[in-house]
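Chain and residue survey
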Amino acid sequence: MLWARWMAGAAIVAATLIPGVGSAQTLYAASFRSGAASGSEGIAGSLYTVNLASGSAVFVAPLRLNGTQPIGITGLAVHPQTGVFYGVTPPGSPNSPTSLVTVEPTTGRAQLVGDLRYPASDISFNRAGILFAWLPGTSQLGIVNVSNGAITPIGQPRGSGAPAGLAIDGASTAYITPSGAGGTLDTVDMATGTVKTGPQLSGAPFPSGINSLSFTPSGLLLAVNSNAGAPALTRLVTINTATGAVSTIGTLPDDTDALTFASESRREELSPVNVQTLALLVLGAIALVLGLIGWFVGRRPK
């Protein structure tokens, strides 16, 4: 019927206008090549997009500060509201080590935000847009100031540990891998920094590192499993958060050290007022269409 077609069309318009509806997600990966030269021609790190089904990666661009100075990235996260890519550089980065940067996902061009003060092995945003980092030097969780890069550790420091992955799920549970592929999948309280031991990890291709974590939009935990070599062989794997079982998806480029998901079209978030306004406009359009249909039906010859 005609009115049904109009209603369906209005629903499609609403889905298009209201942000977050039907937006596709892309998996990004970044790398850090230890021992890379600091000259402008060197490549210390690269940005990739990754096919989640096969783990195969497509090179996007080298990572370069201000478009000229090569850097490596060991942690990558996208702000849930603004869509801005943030990365942390490791102590061994040839330029701006131990720093917070923003990254342009189509060019790999990075901009310096500030000094972290503590080396961080991975970063992740919670749903409120607060950036957290794992600090292997003190085995602590920290909050990252996205305005200046400064990290504030949470809780009491512990002994130093291996670089760990960090990911926060939709229920605001923070997962870490502080003992690598041969250890456990632990959780950490984001208010107190208290670490709770989780299930033993099993089935990883390499017994060495789990140096990056990221949740898919559907809630599947992904990780980078590394053999800690130079260059480091890496695999894209999944981790069962309940059992710790690790399953391989595919081979990543050597030295991959960061994962994150982002919307393909990084549209600006609309305020609640604007969303309500759009909804009222759509409803008004539907009412107008129904009114025209009623008027047309009323004028038909009996």
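Residues numbered from 1 in each chain as written. Predicted model: local features only at pLDDT ≥ 70, side-chain atom pairs only at ≥ 80, totals over all residues. Heavy atoms only, no water.

1. Brief notes about the overall build of the chain
We apply this condition: By the criteria applied, helices consist of DSSP H or I runs no shorter than four residues and strands consist of E runs no shorter than two, each listed in order from the N terminus. Working definition: with a 1.4 Å probe on protein chains only, accessible area under 20% of the residue-type maximum means buried, over 50% means exposed, and in between means partly exposed. Throughout, a contact is declared for two residues whenever any of their heavy atoms are within 4.5 Å.
Looking only at helices and strands, one finds two helices and 22 strands in the chain. Across the 302 residues of the chain, 45% fall into the buried class. Residue pairs in contact within the chain that sit at least 24 positions apart in sequence constitute 50% of those at least 6 positions apart.

2. Some details on the sheet that holds strand E9 (residues 109-115)
Worth spelling out the cut-off: Strand pairing is assigned whenever DSSP detects at least two bridges linking the two strands.
With respect to topology, six strands assemble into an open sheet ordered E5-E4-E9-E8-E7-E6, the strand pairing being mixed. On the outer flanks of this sheet lie strand E5 (69-70) and strand E6 (75-78), each paired with one strand and no other. Sheet topology places strand E7 (residues 85-88) next to strand E8 (residues 99-103); four bridges connect them, and they run antiparallel. Across the sheet, Val88 pairs through a bridge with Leu100, a residue of E8.

3. Focus on the pairing of strand E10 (residues 122-125)
Burial of the side chains of E10 extends over both faces: Asp122 and Ser124 are buried on one face and Ile123 and Phe125 on the other. Relative to strand E11 (residues 131-135), E10 is paired through four bridges, and the arrangement is antiparallel. Of the residues in E11, the one forming a bridge with Asp122 is Trp134.

4. So, the sheet that holds strand E15 (residues 174-176)
If you walk across this open sheet you meet the four strands as E14-E15-E16-E17, and the pairing is antiparallel. The sheet terminates laterally at strand E14 (166-168) and strand E17 (195-196), the two strands that pair on one side only. Relative to strand E16 (residues 186-188), E15 runs antiparallel, the two being bridged by three bridges. Paired with Ala174 across the bridge in E16 is Val188.

5. With respect to the packing of aromatic side chains
For any pair of aromatic rings, geometry is given as the distance between the ring centres together with the angle between the planes. Here is the rule we go by: Pairing of aromatic side chains requires ring centres within 6.5 Å, counting the rings of Phe and Tyr and the six-membered ring of Trp. Pairs whose planes differ by under 30 degrees are stacked, by over 60 edge-to-face, and all others tilted.
Scanning the model with the defined rule gives four aromatic pairs in all. On the numbers, 6.0 Å between centres and 70 degrees between planes, the contact of Tyr48 with Phe59 is edge-to-face. Note that Tyr48 is positioned in strand E2 (residues 46-50) and Phe59 in strand E3 (residues 57-62), a separation of eleven residues in sequence. With a relative accessible area of 12%, Tyr48 lands in the buried category. Residue class for Phe59 comes out partly exposed when judged on its relative accessible area of 46%.

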